[in-house]
Amino acid sequence: MLLGNWTGHSTVPSHSLYPHQWSWDSAFIAIGLRHLSARRAQVELESLLGSQWADGRIPHISFSPSVARDAYFPGPDFWQATTRGGVETSGIVQPPVHALAVWLTHQADEQESVRRNFLARVYPKLVAWHAYLRNHRDLGGHGLVAIVHPWESGMDNSPAWDDALARVEPAPLDSFTRRDTDHASDDDRPTDLDYGRYVQLAATYRDHRYDDATTPFAFALEDPCFNALLIASEHALASIASALSLDPSPHLSAAEALSKSLSTLFTDGIFRARDLKTSELVAADTISGLVPLLVPGLAEAAELLETARGPRFRLGEVRMVPSYDLTGPAFEPGRYWRGPSWFNTAWLIHRGLSALNQDALAGGLRSDVLELAAGTDFAEYVDPFTGEARGARDFSWTAALALDLERT
């Protein structure tokens, strides 16, 4: 399936629903591809880094010129963003899991990595990427990175964003044409109202030339998952620096500072996003608040693990890990990020459990991922109670991360 979704230099998440290259998808895909071909995994990541902007940001979509311009919305004509190298991209970002993917890919075949000078070529790009996030996106002054669009979280339709989105005047429905509902059930996807708000937020950022200093962001939140992955990737950058005989201490210091700041998002046994417009933590409990389990030395790990096993998420009792509080008022078992269990977040939680020596929980989650991936034709996500396939099929990160768990 991964070979079928390969385009020659990168892997599409899904030929039907997502026909271009997506940022954190490619990172997760490389983690699986490294078991088939370390070189192909390196090329996957190098291709993504080839769309990096001069300011260091890695855009969430790199558009393929071989795909019809209107095959996906918002497409390149909407974003109006082209790199100096001539690559058309979106203007927003996604969670920074890339350095972790690079380090794992290097470890899969160190000889091939050294032969191709892989780490030395990508390390400066990753440093610039993290510098962009820390220097341009600490919008609240708390030492944490802020997302300025729900799509930047990777968890687009999460209930954690509902209150902030409600402040956004949506773009008129007749001003755009959705393409996602051509390939997936309306019941699985965000509503037209929410999509109109997504479009308006993106258009405002575009019209301000993607300038973080001057854009009047109507949506700005400090997301636990985004920041936890930045911490994990700073640790990975420290390992990469050491492998290159460079000083790892700047990355370790950055990780330590981020970890201290992340603690300010912890309440009621879970990490919650902070809405920078209200300075309050959002009330919704989501999978984003559990992802910090993978942060090395996390002070809140024991309490967070208790929450994961409790009634809100029922880790070990339901299928994989639900994306939203099972007891929450906005829970929907089939709608995008409002309850279904996802394979990439299951992989992240598994990584955290393994590091915490929670072998029984980690083993059960691993078995669940493998069974559901194979039994659903590699679905995008599943119902957390029934395991029923939802969203796209033949989904690349599902196959890649199942492969990684099967091989490791």
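Everything discussed here concerns the structure shown above.
Quantities reported herein were computed from a predicted structural model and do not represent experimental measurements.

Draft legend 1. Seen up close, the sheet that holds strand β12 (residues 381-382). One open sheet holds the three strands; their spatial order is β11-β12-β13, and the pairing between them is antiparallel. Strands with a single pairing partner mark the edges of an open sheet, and in this sheet they are β11 (341-342) and β13 (389-390). Relative to β12, β11 is paired through two bridges, and the arrangement is antiparallel. Directly across from Ser341, in β12, lies its bridge partner Val382.

Draft legend 2. Representation of the packing of helix α6 (residues 118-136) against helix α9 (residues 224-243) in the model. Contact geometry of α6 with α9 gives a least axis separation of 11 Å together with a crossing angle of 145°. α9 is crossed by α6, and the crossing has left-handed handedness. Packed against α6, whose contacting residues are Leu119, Tyr123, Leu126, Val127, His130, Leu133 and Arg134, the element α9 presents Phe226, Leu230, Ser233, Glu234, Leu237, Ile240, Ala241 and Ala243 at the interface. Its residues placed into classes, the contact of α6 with α9 shows eleven nonpolar, two polar and two charged.

Draft legend 3. Looking closely at the environment of His208. By the secondary structure assignment, His208 is in the loop between α8 (192-207) and β6 (221-222). Ignoring any residue separated from it by four or fewer positions in sequence, one finds His208 in contact with Thr214, Thr215 and Pro216.

Draft legend 4. Up close: the side chain of Glu152. By secondary structure assignment, the location of Glu152 is in the loop between β5 (146-147) and α7 (162-165). Looking at Glu152, the relative accessible area reads 0%, which means it is buried. Discounting chain neighbours no more than four positions away, the residues touching Glu152 are Ile92, Val93, Gln94, Pro95, Arg137, Ala146, Ile147 and Phe226.

Draft legend 5. Summary view of the packing of helix α4 (residues 98-108) against α9. At a closest axis distance of 7 Å, the pairing of α4 and α9 adopts a crossing angle of 40°. When the axis of α4 is compared with that of α9, the two are oblique. The hand of the α4/α9 crossing is left-handed. Residue-level inspection shows His98, Ala99, Leu100, Val102 and Trp103 of α4 in contact with α9, the latter providing Ser233, Ala236, Leu237, Ser239, Ile240 and Ala243. Grouping the constituent residues of the contact of α4 with α9 by class yields eight nonpolar, three polar and no charged.

Draft legend 6. Seen up close, empty space enclosed by the protein. By the definition in use, this model includes two cavities of 30 Å³ or more. Of the pockets and cavities examined, the largest cavity occupies roughly 220 Å³. Considering the residues around the largest cavity, the lining is formed by 20 residues, among which Tyr18, Trp22, Gln94, Asp156 and Tyr336 are closest to the centre. Those elements giving two or more residues to the lining of the largest cavity turn out to be α1 (23-33) and α8. Taken as a whole, the second largest cavity spans an internal volume of roughly 40 Å³. Around the second largest cavity sit Ala160, Trp161, Asp223, Pro224, Phe271, Arg272, Ala273, Ala284, Asp285, Thr286, Ser288 and Gly289, which together line it. Of the residues assigned to the lining of the second largest cavity, the class counts are six nonpolar, three polar and three charged.

Draft legend 7. Local environment of helix α2 (residues 38-49). The terminal C-alpha atoms of α2, which comprises twelve residues, lie 17 Å apart, in line with the 16 Å expected from a rise of 1.5 Å per residue. Of all twelve residues making up α2, nine are buried, and the element is well covered by its neighbours. For α2, every residue scored as buried is listed here: Ala38, Ala41, Gln42, Glu44, Leu45, Glu46, Ser47, Leu48 and Leu49. For α2, the secondary structure elements touched by its buried residues are β1 (21-22), α1, α4, α5 (110-115) and α6.

Analysis parameters
- Residues numbered from 1 in each chain as written.
- Predicted model: local features only at pLDDT ≥ 70, side-chain atom pairs only at ≥ 80, totals over all residues.
- Heavy atoms only, no water.
- Pairing = 2+ DSSP bridges.
- Helix = DSSP H or I, 4+ residues; strand = E, 2+ residues; numbered from the N terminus.
- Axes fitted to C-alpha atoms, helices over the stretch in contact; angles between N-to-C directions.
- Left-handed = near helix turned anticlockwise from the far one by under 90°.
- Contact = heavy atoms within 4.5 Å.
- Nonpolar A, V, L, I, M, F, W, Y, C, P; charged D, E, K, R; others polar.
- Buried < 20%, exposed > 50% of the residue type's maximum accessible area, 1.4 Å probe, protein only.
- Parallel < 35°, antiparallel > 145°, perpendicular 65-115°, else oblique.
- 1 Å grid on protein atoms, 1.4 Å probe; cavity = no way out; pocket = protein on both sides within 12 Å on 5 of 7 lines; lining within 4 Å.
- Points joined across faces, edges and corners; volume = space filled by probe spheres on them.
- Expected span 1.5 Å × (residues − 1).

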